[in-house]
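So the chains spell out like this:
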Amino acid sequence: QMELVQYGGGLVQPGGSLRLSCSASGPNFSKYAMGWLRQAPGKERESVAIISASGASTKYADSVKGRFTISRTNGNNMVYLQMNDLTPGDTAVYYCAQSNLPWTTGNFDYWGQGTQVTVSS
């Protein structure tokens, strides 16, 4: 079973930046799409960013497009989410997730433990 462990998160001011990291264990990491999703209290979970197995393709939620960047380094089984120009609307628990397919538009099979991101002055 794939295990995903997240690092990062915390409190930042509006306009600030934060980087989340996700370390994946298990076989064939480079064959599967990865994603970052988030959920705020009282709101539904939403897909923030998705990256294909090779890293060649990405998809972003409209609310974060131009501000967030998802990337991966398959050599060491890492996935990252760089978050810039953060707003209070970005406050949520962020989850790293892995698909069993090379590409997905939002369906994932394995999940990290979640990381709180709070944007507030």
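All values reported here derive from a predicted model rather than from experimental measurement.

Chemist: Account for the pattern of salt bridges, with residues named and values stated.
Modeler: Using the criterion set out here, one finds four salt bridges in the structure. Residue Asp90 is joined to Arg38 by a salt bridge in which the shortest nitrogen-to-oxygen separation is 2.9 Å. Highlighted residues: Asp90 in the loop between β8 (78-83) and β9 (92-98) and Arg38 in strand β4 (residues 34-39), separated in sequence by 52 residues. The pair formed by Asp90 and Arg38 is uniform in burial state, with each residue classed as buried. Where salt bridges share partners, they join Arg38, Glu46, Arg67 and Asp90 into one cluster.

Chemist: Describe the side chain of Asp90, and please don't skip the residues or the numbers.
Modeler: Given the relative accessible area of 1%, Asp90 is considered buried. A polar contact of 2.7 Å, which involves the side chain of Asp90, links it to the side chain of Arg67. Apart from the residues lying within four places of it in its own chain, the contact partners of Asp90 are Arg38, Val64, Arg67, Phe68, Asp85, Val117 and Val119.

Chemist: With reference to specific residues and values, describe the packing of aromatic side chains.
Modeler: Inspection of the entire model under this criterion finds two aromatic pairs. Between Tyr95 and Trp111, the aromatic rings sit 6.3 Å apart at their centres with planes inclined by 80 degrees, giving edge-to-face as the arrangement. Taken together, the residues Tyr95 in strand β9 and Trp111 in strand β10 (residues 110-111) connect sequence positions 16 residues apart. The class for Trp111 is partly exposed, based on a relative accessible area of 34%. Ring geometry for Phe108 versus Trp111: centroids 6.2 Å apart, planes at 70 degrees, classification edge-to-face. Assessed through its relative accessible area of 12%, Phe108 is described here as buried. By way of ring pairs, the aromatic residues Tyr95, Phe108 and Trp111 are connected into one cluster. Positioned over the ring face of Tyr95 is Arg45, at 5.6 Å from the centre of the ring. Positioned above the aromatic ring of Trp111 is the side chain of Arg45, whose terminal nitrogen or guanidinium carbon lies 4.4 Å from the ring centre.

Quick notes on the rules
Residues numbered from 1 in each chain as written. Predicted model: local features only at pLDDT ≥ 70, side-chain atom pairs only at ≥ 80, totals over all residues. Heavy atoms only, no water. Salt bridge = Lys/Arg side-chain N within 4 Å of Asp/Glu carboxyl O. Helix = DSSP H or I, 4+ residues; strand = E, 2+ residues; numbered from the N terminus. Buried < 20%, exposed > 50% of the residue type's maximum accessible area, 1.4 Å probe, protein only. Polar contact = N/O pair within 3.5 Å; in protein donor to acceptor, adjacent residues only side chain to side chain. Contact = heavy atoms within 4.5 Å. Phe/Tyr/Trp six-rings, centres within 6.5 Å; stacked < 30°, edge-to-face > 60°. Lys NZ or Arg CZ within 6 Å of the ring centre and 35° of its normal.

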